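In case you want the letters, here they are:
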Amino acid sequence: MKPVSITGISCVSGLGITPAEHASSMEAGTTGLRPLSDLLGDAMDTDGLQGSWIENREILNSRKWAPASALALYCAKQAIEDAGLSGTDLKQAAVIGGSSRGNAWLHDWPGRRPFKLMAASNSMHGEIASAVSIELGITGPWQVISSGCAASLDAIGMAWMMLQSGIVRHVIVLGVELPLVEGIVRDYQDTGVLSTNGINDPYHPETSGFFPGEAGCALVLTTEDVPTAPKLTGYWCNSDADSPIGMPSDGHGLRECLSKAVHDLSDTIQPEVAAVCPHASGTLLHAMAEKQALLEALEPENDVSLHPLKPFTGHTVGASGALDTGILVHYLRIKQLPPNLKGLTSPPAPFHLPDSTTQASGTILKIAVGMGGHNSVISLTPPQ
């Protein structure tokens, strides 16, 4: 397999609008969670639920492009500048986005006065990637993936596959989610997946659901071997074929996906899984299933650190995979792993949750699980 370097990143969420702001907040033990009533007001009874949203709403508003597309464009520009991508390399790059809902909530977006001419485009998932292509003059292929909460991690995986096949040499990956409008929050509330007791601890025995969040992220991937850049070394995915909402209580689909990853990594130069950034959504069913899958698939001889990031960012649904990856890459550039929010419950040994930055070595797995039973895993390594 060709080495794939991650050379540019952008992260926008309730924690800030740059990767450095995210790291600073996390190291201070600060989360992006606030009472959701501060955003939605009297539009609905949020029953004390907290959420995490992007404070600067100007980033999201464009008369031409729908809000998710505007956010994708903002993030793409940041990541491209970070990577130093320009000229022919930029023009011929691929653009692959991931979002669970795209612009489906468009009609509910407060304070926006859209151009009627753009109505059809604004309601399409594909606009997230096409807006970046059009505004930045990128003529490579574009695509948008929508596999629920796994969407943007799958977008990273599809980018990896495209690079491996030689179709392109550079890919701009986007992860975008703006679920915090009344209709979407109500749907999650009716489905019963939002937190009902305020426990922000995904492996706690009484965790009851997730805290919704907004986010945008972009990453630049290339087959050029950049020594100072973290590497994307693999991608695996499968499906449970079990439930449109939950997942098997024993996590067998995720276990099989992780087992395949561990098997394939055994033949690489860094076979040992030293750390995992789990999906850790916050629902009790997922906590039980993911914990069992990790224990059975990894069977590690040495300690493995876990780095669930949703306690800091909230669950940013389709953007969460790319957002978590962007945060990981920010730390991996300096051969570190991010801290955890203090006081989190850990699965049994050999897993542990360090609450300060730690040295990065070996392979790091990032997991995403999409509603509907889709499991995705990527592997990362720090620069040598």
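Residues numbered from 1 in each chain as written. Predicted model: local features only at pLDDT ≥ 70, side-chain atom pairs only at ≥ 80, totals over all residues. Heavy atoms only, no water.

**Q** Go over the pattern of salt bridges with me, naming the residues and quoting the values.
**A** Tallied over the full model, the rule gives 12 salt bridges. The closest approach of N and O atoms between glutamate 135 and lysine 64, which form a salt bridge, is 3.5 Å. With glutamate 135 in helix 6 (residues 127-136) and lysine 64 in the loop between strand 3 (50-51) and helix 3 (67-83), the pair connects residues that are 71 residues apart, well separated along the chain. Under the relative-accessibility criterion, glutamate 135 is labelled partly exposed at 38%. For aspartate 82, the salt bridge identified is with arginine 333, shortest N-O distance 2.7 Å. Pair noted here: aspartate 82 is in helix 3 and arginine 333 is in the loop between helix 12 (320-332) and strand 11 (336-337), with a separation of 251 residues, a long-range link. Given a relative accessible area of 30%, arginine 333 falls into the partly exposed group. (Salt bridge = Lys/Arg side-chain N within 4 Å of Asp/Glu carboxyl O. Helix = DSSP H or I, 4+ residues; strand = E, 2+ residues; numbered from the N terminus. Buried < 20%, exposed > 50% of the residue type's maximum accessible area, 1.4 Å probe, protein only.)

**Q** Give me the packing of aromatic side chains: which residues, what numbers.
**A** Under the criterion given, the structure shown has 1 aromatic pair. Between tyrosine 188 and phenylalanine 210, the ring centres sit 5.4 Å apart and the planes meet at 75 degrees, which makes this aromatic pair edge-to-face. One end of the pair, tyrosine 188, is in helix 8 (residues 182-191); the other, phenylalanine 210, is in the loop between helix 8 and strand 7 (215-222), with 22 residues separating them in the sequence. Over the ring of tryptophan 53 we find arginine 34, and its NZ or CZ is 3.9 Å from the ring centre. Sitting over the face of the ring of tyrosine 188, arginine 101 holds its NZ or CZ atom 5.2 Å from the ring centroid. (Phe/Tyr/Trp six-rings, centres within 6.5 Å; stacked < 30°, edge-to-face > 60°. Lys NZ or Arg CZ within 6 Å of the ring centre and 35° of its normal.)

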